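# Structural overview
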Amino acid sequence: MNLPTVLKVVEVASATDIGRVRDHNEDRALATPSLLAVADGMGGAQAGEVAAQIAIDHLDRLGKPADGAAVVEAIEEANEAIIEASASDPDKSGMGTTITAISPQDGHLRVAHVGDSRAYLWRDEALRQLTSDHSVVAELVRQGKITAEEAEDHPHRNVITRALGADARVAVDSGDQAGRDGDIVLICSDGLSAQVSDEAIAAVMRSEDDLQSVARILVEQANAAGGIDNVTVVLARLEMTEGEALASTTAELPAAGADKPRSRPRLSPVALSIAVLLALAIGGTAWLWSRAFMVQDGDGQVVVKRGIPLSVGGIPPRVTWQETGVDAARVNAVEPASLSDSARGRGEAVLLATRLAWQYGIGEAPIIPEPPRVDPAPVPPPDQAP
Ligand code: MG
């Protein structure tokens, strides 16, 4: 029997590294013949990697080469899961992640992304970016306000304008690229693209044939350039080859409800009411703690503050999260409404301050370090309630 000739992923490779500055790696990746993805997580403590892992898990769950709509849907579901996880755990409030994924299906590359992790195509000895960054500097370049060269060492080049976990609705950019024999796709976190130029990436692609070597060398180059961020690279090579199209591995999932019935522990009505009240109080505090607001500080400067207005139960009142360098009197005279803008999460707070600083010609908002966290006490289990 003659098998048809089809375009298939014949080789995949990946590498990741913590870099030389960060104390843990919040990047996560997926490199299989049916799906390639990179997620660059952000958020205090260990929350960034939790968000990144949720995004990767949702894509991995597709389990087969998927069409563009299925990939976008998986990313939207990951966004909801991240928001739920961050609302239910104060340690994870404000966590988020980028996601960039490619599903090679029926000879096409289905690309979907949110944030600034990039997908590139290596074809005819040239490197082409398949995604456009959702970032402040990319936006400024698109508007012609700064040049691509100025963007490279712009102080806010790592401030992104879209992320999973930032909002209940997320706009996923998606596209489709017909694949060709010999194509190589590369997805990377900004730990590579902000440190190693496209020309330098192209030089490695040109000189190295083995994809695992390419991945390792690119990570080494990012570290050699300073390693200021986690760096992750995934690669895949496509070839026309005799055989069946990549099998749609339809592993049967157990039907919903097939789980063995489990008996639930019974709670007394009093214990239940106490547990509900505690959960509401903690949920409300966590929500307030996760928001940030633009306010005028004692020196008349606009600052972004986070937290609750009063000191409650050992939690300090609002702390300054981000300075702007902008005089509140100027904003009040021109656009007082913008002083009531609020942000959710560290990324949005930085973005608010950055926008205001640009608008009022300060040019660069001074970034202050993350303030120490004070989290509400954990909920006692109901059987210990009085
Ligand atoms: Mg990064």
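Residues numbered from 1 in each chain as written. Predicted model: local features only at pLDDT ≥ 70, side-chain atom pairs only at ≥ 80, totals over all residues. Heavy atoms only, no water.

### A short note on the overall build of the protein
When its secondary structure is counted, the protein shows 10 helices and 15 strands. Burial statistics for the protein: of 386 residues in total, 44% are counted as buried. Accessible area of the protein: about 19,300 Å², with a carbon and sulfur share of 53%. (Helix = DSSP H or I, 4+ residues; strand = E, 2+ residues; numbered from the N terminus. Buried < 20%, exposed > 50% of the residue type's maximum accessible area, 1.4 Å probe, protein only. Areas by Shrake-Rupley, 256 points an atom, 1.4 Å probe, with all protein chains shown as cover.)

### Structural notes on the pairing of strand S10 (residues 184-188)
S10 sits mainly inside the fold: 5 of its 5 residues count as buried. Burial along S10 is two-sided: Ile-184, Leu-186 and Cys-188 facing one way and Val-185 and Ile-187 facing the other are all buried. Two elements, strand S7 (residues 118-123) and S10, share 5 bridges in a ladder whose sense is antiparallel. Bridging from a neighbouring strand, Trp-122 pairs with Ile-184 of S10. Two elements, S10 and strand S11 (residues 231-242), share 5 bridges in a ladder whose sense is antiparallel. Among the inter-strand pairings, Cys-188 is bridged to a residue of S11, identified as Val-233. (Pairing = 2+ DSSP bridges.)

### Re helix H6 (residues 198-207)
Residues of H6 that are buried: Ile-201, Ala-202, Val-204 and Met-205. All buried residues of H6 lie within an arc of 160° about the axis, which places them on one face of the element. In this structure, H6 carries Glu-199 and Ser-207 as exposed residues pointing more than 90 degrees from its buried face. Taken together, the buried residues of H6 touch S7, strand S8 (126-129), S10, helix H5 (190-193), helix H7 (211-224) and S11. (Arc of directions from axis to C-beta. Contact = heavy atoms within 4.5 Å.)

### A few points about the sheet that holds S10
Strand order in the open sheet made by the 5 strands is S1-S11-S10-S7-S8, with antiparallel pairing throughout. The open sheet has two free edges, formed respectively by strand S1 (5-17) and S8, since each of these has just one partner strand. Mean inter-strand twist for the sheet, computed between neighbouring axes without regard to direction, equals 20°. The sheet contact formed by S7 and S8 spans 4 bridges and is antiparallel. Paired with Tyr-120 across the two strands is Gln-129, which belongs to S8. Helix-sheet contacts for H6 involve S7, S8, S10 and S11, and the interaxial angle to S7 is about 45°. (Axes fitted to C-alpha atoms, helices over the stretch in contact; angles between N-to-C directions.)

### Re the confidence of the model for the protein
Averaged over every residue, the pLDDT of the protein is 82; the share at 70 or more is 75%. When the criterion is pLDDT under 50, residues 246-260 qualifies, and its contacts beyond four places in sequence or with other chains add up to 10 contacts. (pLDDT = per-residue confidence, 0-100.)

### Some remarks on the coordination of the magnesium ion
All of the protein donors around the magnesium ion are Asp-40 (OD), Asp-190 (OD) and Asp-229 (OD); their distances to the metal are 2.1 to 2.2 Å. In primary sequence terms, the donor set of the magnesium ion follows D-x149-D-x38-D. Taken together, the positions of Asp-190 in helix H5 and Asp-229 in the loop between H7 and S11 put the pair 39 residues apart, joining distant regions of the chain. As far as burial versus exposure is concerned, Asp-190 and Asp-229 are alike and both buried. (Donors = N, O, S within 2.8 Å, 3.2 Å for Na, K, Ca; no water.)

### Brief notes about the packing of H6 against H7
Running from N to C, H6 and H7 point in directions that differ by 150°, and their axes come no closer than 10 Å. In terms of orientation, H6 lies roughly antiparallel with respect to H7. When you trace H6 past H7, the crossing you get is right-handed. Across the interface between the two elements, Ala-200, Ile-201, Val-204 and Met-205 from H6 touch Val-214, Ile-217, Leu-218 and Gln-221 from H7. (Parallel < 35°, antiparallel > 145°, perpendicular 65-115°, else oblique. Left-handed = near helix turned anticlockwise from the far one by under 90°.)

### Brief notes about the side chain of Thr-98
Tracing the chain through its elements places Thr-98 in the loop between strand S4 (96-97) and strand S5 (99-105). For Thr-98, a relative accessible area of 1% gives the class buried. At 2.7 Å, the side chain of Thr-98 and the side chain of Ser-117 are in polar contact. If sequence neighbours within four positions are ignored, Thr-98 has contacts with Val-38, Ala-39, Asp-40, Met-42, Val-114, Gly-115, Asp-116, Ser-117 and Ile-160. (Polar contact = N/O pair within 3.5 Å; in protein donor to acceptor, adjacent residues only side chain to side chain.)

### Structural notes on the environment of Ala-37
Relative to the helices and strands, Ala-37 resides in strand S3 (residues 36-42). Taking relative accessible area as the criterion, Ala-37 reaches 0% and is therefore assigned buried. A sequence separation of 80 residues divides Ala-37 from Ser-117, and the C-alpha atoms of the two residues are 9.4 Å apart. Look past the residues within four positions of Ala-37 in its chain and what remains in contact with it is Arg-28, Ala-29, Leu-30, Ile-56, Leu-59, Ile-99, Thr-100, Ala-101, Ile-187 and Val-234.

### Observations concerning the nonpolar core
Residues Leu-59, Val-71, Ile-75, Ile-99 and Leu-164 are the most contacted members of the largest nonpolar core, which totals 26 residues. When contributions to this core are tallied by element, the ones reaching two or more residues are S3, helix H1 (47-60), helix H2 (68-87), S5 and strand S6 (108-114). If you tally residues by element for this core, the top one is H1, at 7 residues. Every residue in contact with Ile-75, bar those within four places of it in the chain, is listed here: Leu-59, Ile-99, Ala-112, Val-114, Leu-164 and Val-172. (Core = buried A, V, L, I, M, F, W, Y, C linked by side-chain atoms within 4.5 Å.)

### Overview of the pattern of salt bridges
Applying the stated criterion across every chain, the model contains 13 salt bridges. The partner of Asp-198 in a salt bridge is Arg-118, and the shortest N-O contact between them spans 4.0 Å. Of this pair, Asp-198 sits in helix H6 while Arg-118 sits in strand S7; the two residues are 80 residues apart in sequence, bridging distant segments of the chain. Of the residues examined, Asp-198 reaches a relative accessible area of 29% and is grouped as partly exposed. We classify Arg-118 as buried; its relative accessible area is 15%. The residue Glu-139 makes a salt bridge to Arg-142 at a minimum N-O spacing of 3.3 Å. Pair noted here: Glu-139 and Arg-142 are both in helix H3 (residues 136-142), with a separation of 3 residues, about one helical turn. The network of salt bridges with shared partners includes Arg-118, Asp-133 and Asp-198. (Salt bridge = Lys/Arg side-chain N within 4 Å of Asp/Glu carboxyl O.)

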